[in-house]
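# Architecture at a glance
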Amino acid sequence: MYLDNERRPTLTPQLAFRVAIIGGVALVAFAVIFFRLWYLQVLSSDEYARAARGNQLREIKVQAPRGEIVDREGRVLVRNRVGLAVKVSPDGFPAGRAAREELYRRLGRLLDMRPARVRRRVEQQFDELPYSKATVKQDVDRSLMMHIGERRESFPGVEVEPVFLREYPHGEIGAHLFGYVGEVTEQQLDDPTFTDVELGDRVGKAGIEAEYDRFLRGRNGATRLRVDAFGEFRRTLRPVEAKQGKQLRLSLDLDVQRVGQQALAGGTGKGAFAVMDVRNGEVLALGSHPSFDPNLFAKVVRESDYRRLTSDETGAPLTNRAVSAGYPTGSTFKLITATAALEEGFITPDTPLNDGGSITVGGIEFKNAGGAVHGTLALRQALTVSSDVFFYLLGMDMNNSGRGNALQRWARRLGIGRETGIDLPEEGPGFVPSRAWRDRAHRQFERCKRRNGYSDVEIAAGTKCGFIDRGWSVGDNINLAVGQGDLQANPLQMAVAYATVANAAKSKDGRVQVLRPRLGQRIENSFGQAEQNLEAPTGRRVRIDPADAQAIMEGLHGAANGAGGTSTSVFEGFPIPIAGKTGTAEKGAGRADQSWYVALAPYPDPQYVVAVTDEAGGFGADTAAPMARLILSELFHVNEHSLVQGGGVPD
Amino acid sequence: MSTSTPVQDFRETALPRVLRIDPLLLAATFGLVAASLYTVRRATLGDIPGDPNYFMYRQLVYVVVGLVLMFALSRFDYSRLREWKWGVYGFLIASILLVYALGFSARGSKRSIEFGFFNFQASELGKLLLVVALSAFVVDRLRRLGERETTSRVVLLALVPAMLVIAQPDLGSGLVYLAIVLAVLFVAGAPWTHFAALGGLAAAAIVIVLLAAPAVGVELLEDYQKDRLTAFLNPGENRSEEAYQINQSLTAIGAGGKTGRGDQSTQTELNFLPEHHTDFIFSVVGEEFGFVGAALVLSLFALLIWRALRILTMSKNFYGALVAGGITAMLMFQVFVNVGMTIGIMPITGIPLPLMSYGGSSVLTTLMAIGLLQSIYAQARETAAAKRL
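Remember, it's a predicted structure, so these values are computed and weren't measured experimentally.

## As for the overall build of chain A
Broken down by element type, chain A carries 23 helices and 23 strands. Across chain A, every contact between residues at least 6 apart in sequence was considered, and the portion connecting residues at least 24 apart equals 70%.

This is the structure in structure tokens:
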């Protein structure tokens, strides 16, 4: 043995050096570890804390009910209903491909859907929100819940859950206004107004639901679960309560709306009406016929239903004719012609013109309706008896005057050919024909004809180059002056124009707003307490001499009440004095005339304007005027609830 | 510096009474086992339903037994182990082979012998046995240390058990064995050229194991071992289980922040952190007690290593210095590789954190190793006191 070992001095310089190296290595290693820990725990701590939170938190969305929509009296127009939805939860969902396909097949058979469709829906939703349940079908029958509940093992992961669906207790009444809700699209999600909306949420897609979506949609809540590393549920964390959307009060009057729609239903099948408060633009009723049951839209609409609602054969019930249609308005347009002629100085209220029954311009004869001859008359009488020749002359003068498009300018000033600005996204601007438009369109027509060498038959059919086979002529302006020809306007636009003139007549200096019609009145909490008033932005201003406007009003009053008035017979015995104008738009080619009526009541200080049209109602006094009377009787609580017989006075 | 008792109390015996245990080393030991018990309890509260203290109590038993062994060894003159070197080495090889013979399969690897109460992991105790035996072999050849033959013999003696445990497969323990032999040779004063040669050989071995052998179709490491070794390089992109473990460990430690998440330690509580009471216990410390807690535990390890090196330098004989050096290397290597693994700068090798990780074999082995350090300290103090007389 090496006994000298025992005596050997243990701490040689060499050993000390090597121990120092080991110590140095330890020091460096500790330093590295400390720096790394500092980096992880102090500098990047927030990031890792977020990751740790995300690890354990699973949020399951709880749908918030939308706010209800009520009428001006607080009567519920749109509410929520709890329906049952078939959903697939990711937890119990089978992992194997074959088992999934089998499940899709079973669900498809049960729900009357193609299995491929079930698969597409489920897989798409799982892709988008991996921890949320995927909805297979909304609003299923209660018996289905029983069926699935009793066969849990055949339907792994399938759950039937209550969901909020929209319900419309009054069916077709107001159907066109509310629009519908549906799942938010990806484009919408990019829109800043949809910041708090997530994929899979339902938002307003049309009508009031879309216009006021930001108030109506609630804030979704969430059930928050803590899960462990294996996805096992550990405990429920404090949930985020779902918050119902705000209640929306409309200026709509359910009774007026109902009566209006009933009145239209008594007509020829297609038509529209608008009732507006002349003083502030509040819309009390706005209807279109034919209508539909919006409850169809509470769930996913069938393809066949949708086709039926949009096809021409059924009158396209989905179309809101009151704001998105465009019609020639017939003599109701004379208010605009009169205003233009007066304000542009072509006539005074008392300028006499001779109505000889017809005028001939450029070889074309323009006749009074029904062959009437009214003789010499001034504006008031011309409106009362609806002298066409009087307005033909005005139209001719304004076309030839060289003072620009006086008629077109005033039509646009009074809101024709542009959107009224109502709080409905479906509104259309309509159209006011002008020289510039027709000449340009005609040049295009000629170019098209010249270049392509279509046959005369093809050209005549209008399918290749359109119908504008001639340029602007004075006849076009004469037609426009009585609301015929290429003019396109809707009842709401006419209501706005009439309200503007009525307001000018009452005003001191004639400076009035062109009202922006408004349906939304205020935002309320669920108890009906006001939270925010919805006020329309100030409308455009126009100036109409009050004396001129008053003369027009007097003419309109005569038309409804005076001797020889076109609608006097319709309003016979009606206790409220009104000012109103009939209109009969010729649609040519053997089609029935379109009947129009616009009324202001009570005269001389009107509160409401009512505009009604029936697409095939004939003379204005035949159908539209009686409908207007019915609506007015509801507005003023006059006790009569059937259509009076039409007067049949030609206008 | 060595402390002398303030009042020299001379008895009739020739030797003065000296403090026969290093108080700082003892403090570090107690501090770490206390931290271990607390952390193991926190990490495993919900692991056994209805028995939140299951792992803590078992760890407590290991600690108590280990402390008894530690004190016993500190009263024993380690120098006598030198004479039993062949017995120790033989026991080391035999126990590892016994694991092969009797060992049962746990997660596809045979590492332990079942003793009813606990599973004896031969490779853990083997670390200490190897230190004891190798140091003795080196001391025997003290005069021929500069020879290549000495170095290669000693390395070979370590390689035999290292290869056996790596094949178990227990790569971690094998690497500890290699760290031990290098440390023992280093402290003994083997020439630098030998270390350079060993480094070259190691590099060649790595190239062969990882690149050359697979290229000709011989897989020396199993796939999971390779994944473990390389996952830490890019845990974000790697989809393997190891990358998941590293990510969860980083998340746990990072989320701990400065002062820890305490009751909100969801990474640990909800099992996102794998092996939270064994290999990844340092991540639990990081999450529950934050930077402060992690720094405290690391400081205790620093104290432990400092005392071990201090004891190395004061050893009464060369054998003691080598044993202390081997133990120091064993502790250092395990601490740095384990902690490095949890913070994403070292590969996953399955090395426990000494004294902290749950597990009887590791706790007992480490406490016995510390007992040997205390023995070296006590012997050195007594010899010094005797010399002073």
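## Topic: the interface of chain B and chain A
Across the contact, 55 residues belong to chain B and 42 residues belong to chain A. For the pair chain B and chain A, the summed buried surface comes to about 4,400 Å²; carbon and sulfur atoms form 68% of the total. Broken down residue by residue, the surface that chain B buries against chain A is led by L270(B), F291(B) and F336(B), which jointly contribute 14%. Our count for the contact surface shared by chain B and chain A stands at 0 salt bridges. Viewed at the interface, chain A and chain B are joined by 7 residue pairs in polar contact (both at pLDDT 80 or more). For the side of chain B that touches chain A, the secondary-structure elements that each account for two or more residues are helix 4 (122-140), helix 6 (171-188), helix 7 (192-215), helix 9 (241-256), helix 10 (266-269), helix 11 (281-314) and helix 12 (318-342) of chain B. If one sorts the elements of the side of chain B that touches chain A by residue count, helix 11 of chain B sits on top with 13 residues.

## Section: the nonpolar core
Counting 131 residues, the largest nonpolar core has L37(A), L134(B), F282(B), F301(B), I327(B), M356(B) and L372(B) as the members making the most contacts within it. No other element matches the 17 residues that helix 11 of chain B contributes to this core. Setting aside its immediate chain neighbours within four residues, L372(B) contacts L73(B), Y78(B), L81(B), L128(B), V132(B), V323(B) and I327(B). Ranked by size, the runner-up nonpolar core spans 99 residues in total, among them A325(A), V474(A), M494(A) and A579(A).

## Focus: the packing of helix 1 (residues 23-43) of chain B against helix 2 (residues 54-74) of chain B
Residues and elements named next belong to chain B. Interhelical geometry of helix 1 versus helix 2 gives an angle of 165 degrees and a closest axis separation of 8 Å. Judged on the interaxial angle alone, helix 2 and helix 1 are roughly antiparallel. Crossing of helix 1 against helix 2: the hand is right-handed. Where helix 1 abuts helix 2, its residues L26, T29, F30, V33, S36, L37, V40 and R41 lie against F55, M56, Q59, L60, V63, L67, M70 and F71. Within the contact of helix 1 with helix 2, the residues separate by chemical class into 12 nonpolar, 3 polar and 1 charged.

## Some words on the sheet that holds strand 11 (residues 271-277) of chain A
Residue and element names in this part refer to chain A. Taking strand neighbours across the sheet as the criterion, the 5 strands line up as 12-11-23-22-21 in an open arrangement whose pairing is antiparallel. Every interior strand has two partners, whereas the edge strands, strand 12 (283-289) and strand 21 (579-585), have only one. Geometrically, the sheet is characterised by an average inter-axis angle of 5 degrees between neighbouring strands, direction not taken into account. Examined bridge by bridge, strand 22 (residues 594-601) and strand 23 (residues 608-614) share 7 bridges and lie antiparallel to one another. Considered in strand 23, the bridge of W596 is made with T613. On the sheet, helix 22 (residues 546-561) packs against strand 21 and strand 22 and is oriented at approximately 75 degrees with respect to strand 21.

## Considerations on helix 4 of chain B
Residues lying three or four places apart along an α-helix face the same way, a consequence of the helix completing one turn every 3.6 residues. Between its first and last C-alpha atoms helix 4 of chain B spans 26 Å; for 19 residues at 1.5 Å apiece the expected length is 27 Å, and the two agree. Helix 4 of chain B sits mainly inside the fold: 19 of its 19 residues count as buried.

## Concerning the pairing of strand 19 (residues 530-533) of chain A
Residues and elements named next belong to chain A. In terms of strand pairing, strand 18 (residues 520-524) meets strand 19 through 3 bridges, oriented antiparallel. Bridge pairing in strand 19 places E524 opposite A530. A loop of 5 residues connects strand 18 with strand 19, the two strands running antiparallel in sequence, and G528 in this loop sits at a positive phi of about 85 degrees.

## Overview of the side chain of Q248(B)
Looking at the element boundaries, Q248(B) is found in helix 9. For Q248(B), a relative accessible area of 7% gives the class buried. Other than its neighbours up to four places away in sequence, Q248(B) contacts N55(A), Q267(B), F272(B), L273(B) and P274(B).

## Some remarks on the packing of helix 9 of chain B against helix 11 of chain B
Residues and elements named next belong to chain B. Close contact between helix 9 and helix 11 brings their axes to 6 Å; oriented N to C, the two are set at 25 degrees. With respect to helix 11, the element helix 9 is oriented roughly parallel. Crossing angle aside, the handedness with which helix 9 passes helix 11 is left-handed. When helix 9 is examined against helix 11, the residues S249, A252, I253 and G256 are found in contact with a partner set consisting of F282, S283, G286, E287 and G290. In terms of residue class, the contact of helix 9 with helix 11 is built from 3 nonpolar, 5 polar and 1 charged.

## Focus: the confidence of the model for chain B
Residues and elements named next belong to chain B. With 90% of its residues at a pLDDT of 70 or more, chain B has an overall mean of 86. Low pLDDT, under 50, characterises residues 1-5; the predicted model gives this stretch 6 contacts beyond four residues in sequence or across chains. Low pLDDT, under 50, characterises residues 8-12; the stretch is placed with 4 contacts to residues that sit more than four places away or in other chains. Scored by ipTM, the complex comes to 0.90, with pTM at 0.65.

## Section: the side chain of S249(B)
Along the chain, the position of S249(B) falls in helix 9. Aside from chain neighbours lying at most four places away, what touches S249(B) is L273(B), F280(B), S283(B) and T342(B).

## Points about the pattern of salt bridges
Residues and elements named next belong to chain A. Counted under the stated rule, the structure contains 43 salt bridges over all chains. The closest approach of N and O atoms between E554 and R380, which form a salt bridge, is 2.5 Å. Note that E554 is positioned in helix 22 and R380 in helix 15 (residues 379-385), a separation of 174 residues in sequence. Residue classification places E554 among the partly exposed residues on the basis of a relative accessible area of 31%. We classify R380 as partly exposed; its relative accessible area is 29%. Of the charged contacts, one joins R518 and D423 as a salt bridge, the two residues approaching to 3.9 Å between their closest N and O atoms. Of this pair, R518 sits in the loop between strand 17 (511-513) and strand 18 while D423 sits in the loop between helix 17 (406-413) and helix 18 (435-452), placing them 95 residues apart in sequence. The burial state of R518 is the same as that of D423; both residues are buried. One network of salt bridges, with partners in common, ties together R66, R166, E209, D213 and R217.

What counts, and at which threshold
Residues numbered from 1 in each chain as written. Chains lettered and ligands numbered in written order. Predicted model: local features only at pLDDT ≥ 70, side-chain atom pairs only at ≥ 80, totals over all residues. Heavy atoms only, no water. Helix = DSSP H or I, 4+ residues; strand = E, 2+ residues; numbered from the N terminus. Contact = heavy atoms within 4.5 Å. Buried area = accessible area lost by both parts, 1.4 Å probe. Salt bridge = Lys/Arg side-chain N within 4 Å of Asp/Glu carboxyl O. Polar contact = N/O pair within 3.5 Å; in protein donor to acceptor, adjacent residues only side chain to side chain. Core = buried A, V, L, I, M, F, W, Y, C linked by side-chain atoms within 4.5 Å. Buried < 20%, exposed > 50% of the residue type's maximum accessible area, 1.4 Å probe, protein only. Axes fitted to C-alpha atoms, helices over the stretch in contact; angles between N-to-C directions. Parallel < 35°, antiparallel > 145°, perpendicular 65-115°, else oblique. Left-handed = near helix turned anticlockwise from the far one by under 90°. Nonpolar A, V, L, I, M, F, W, Y, C, P; charged D, E, K, R; others polar. Pairing = 2+ DSSP bridges. Expected span 1.5 Å × (residues − 1). pLDDT = per-residue confidence, 0-100.

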